[in-house]
Amino acid sequence: MPSGFEAYARIFHPIWVNREARWIRWSELAERNDQLVHPEISFWELVRPRDAGPWSIHDRDGINAVEGSLAEDLCARLAEILAPFTAAAHKCWFAVWEGWGDLPAELEALPKAEAPFSRRYVLFSGPLVAIRSLRWGLRFQSPSLWRPDDQAWCVSTEIDDCSTFVASSDRCIDTVVAESALESMRTSVEARGDFGPYPPRDN
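This text gives an overview of the structure that appears in the document. (Residues numbered from 1 in each chain as written. Predicted model: local features only at pLDDT ≥ 70, side-chain atom pairs only at ≥ 80, totals over all residues. Heavy atoms only, no water.)

## Focus on the overall build of the chain
Of regular secondary structure, the chain possesses five helices and 13 strands. Contacts in the chain between residues far apart in sequence, at least 24 positions, make up 67% of those at least 6 positions apart. (Helix = DSSP H or I, 4+ residues; strand = E, 2+ residues; numbered from the N terminus. Contact = heavy atoms within 4.5 Å.)

Now the structure itself:
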């Protein structure tokens, strides 16, 4: 995430529990495993019971959080929340990682935008409401990065991450965190990302 914004939020992607055939929130799984959801928690930390060794993984067969994409309905709701906090909702930028295996050939042939960390993206521009159009076949793919032309906010979803991060003003982030459809909390640009497994910090 870029630095320089007033505030940041982390949105936790829903977790699929195969044995129960339903989606749950991180807070529900944390309660089951006697864990506490905090801004730096990793999914791998979440699925370990508290008394497990620091590198042991709980039996997580059939328990998976969605990686690399925020669900379409949540993405659309986030776009609705963010729209009032930019004067450029009519012109936004959407960067989709070039490495998704099911990208159509015509997209693979387009020039790519390159990030400082050596990832390349297919870059789209359009109104914020076009966020729902990022699909091919039956699959929706949320952008890895998206922001309005005035850079009033920025949204980032790392391809191997189970969370989406938002950077903006204090008031905007307050609105994101208050949205009941999203499981989210405030974080900071210095916070550790969700790239476990690793032992949790003591503080």
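## Details of the packing of aromatic side chains
Enumeration over the complete set of coordinates arrives at six aromatic pairs. Taking the centre distance of 6.4 Å and the plane angle of 80° together, the rings of Phe5 and Tyr8 count as edge-to-face. The buried category is assigned to Tyr8, whose relative accessible area is 6%. Arranged with centres 5.8 Å apart and planes meeting at 85°, the rings of Trp146 and Trp153 form a pair that is edge-to-face. Accessibility expressed as a relative area gives 2% for Trp146, which makes it buried. Every member of this aromatic cluster is reached through a ring pair, and the members are Phe12, Trp26 and Phe43. The residue whose ring lies beneath Arg139 is Trp100, and the NZ or CZ to ring-centre distance is 5.6 Å. (Phe/Tyr/Trp six-rings, centres within 6.5 Å; stacked < 30°, edge-to-face > 60°. Buried < 20%, exposed > 50% of the residue type's maximum accessible area, 1.4 Å probe, protein only. Lys NZ or Arg CZ within 6 Å of the ring centre and 35° of its normal.)

## A word on the pattern of salt bridges
Considering all chains together, one arrives at 13 salt bridges under this definition. Here Glu98 and Arg120 are joined by a salt bridge, their closest N and O atoms 3.1 Å apart. With Glu98 in the loop between strand 5 (92-97) and helix 4 (105-108) and Arg120 in strand 7 (residues 120-126), this residue pair connects regions lying 22 residues apart in the sequence. (Salt bridge = Lys/Arg side-chain N within 4 Å of Asp/Glu carboxyl O.)

## So, the sheet that holds strand 3 (residues 22-24)
Judged by pairing direction, the sheet is antiparallel, and its three strands sit side by side in the order 3-2-4 without closing on themselves. The sheet terminates laterally at strand 3 and strand 4 (63-65), the two strands that pair on one side only. With direction set aside, neighbouring strand axes in the sheet form an average angle of 30°. The pairing of strand 2 (residues 15-17) with strand 3 spans three bridges and is classified as antiparallel. Across the sheet, the residue bridging to Trp16 is Trp23, located in strand 3. (Pairing = 2+ DSSP bridges. Axes fitted to C-alpha atoms, helices over the stretch in contact; angles between N-to-C directions.)

## So, the sheet that holds strand 10 (residues 145-148)
In spatial order, the strands read 6-7-5-10-11-12-1-13; together these eight strands make up an open sheet with antiparallel pairing. Strands at the two margins of the open sheet, each flanked by one partner only, are strand 6 (112-114) and strand 13 (184-187). Taking each pair of neighbouring strands and ignoring which way they run, the sheet shows an average axis angle of 25°.

## Points about the environment of Arg147
By the secondary structure assignment, Arg147 is in strand 10. With residues near it in sequence (within four places) discarded, Arg147 still touches Cys92, Trp93, Trp153 and Cys154.

## Comments concerning the environment of Ala89
Note on placement: Ala89 falls in the loop between helix 3 (72-82) and strand 5. Owing to a relative accessible area of 26%, Ala89 belongs among the partly exposed residues under this scheme.

## Here's the deal with the nonpolar core
Among the nonpolar cores identified, the biggest contains 32 residues, and Leu78, Leu82, Trp146 and Val176 are the most heavily contacted of them. Among the elements of the structure, strand 1 (7-12), helix 3, strand 5 and helix 5 (170-178) are those that each provide at least two residues to this core. Ignoring anything within four residues of it in the chain, the contact list for Leu82 reads Trp146, Trp153, Val155, Val166, Cys172 and Val176. In this structure, Val17, Trp26, Leu29 and Val37 belong to the second largest nonpolar core, which totals 16 residues. (Core = buried A, V, L, I, M, F, W, Y, C linked by side-chain atoms within 4.5 Å.)

## Points about helix 3
Those residues of helix 3 that fall on the buried side of the exposure criterion are Leu74, Cys75, Ala76, Leu78, Ala79, Ile81 and Leu82. Its buried side turned inward, helix 3 meets strand 1, strand 9 (139-140), strand 10, strand 11 (154-156), strand 12 (163-168) and helix 5.

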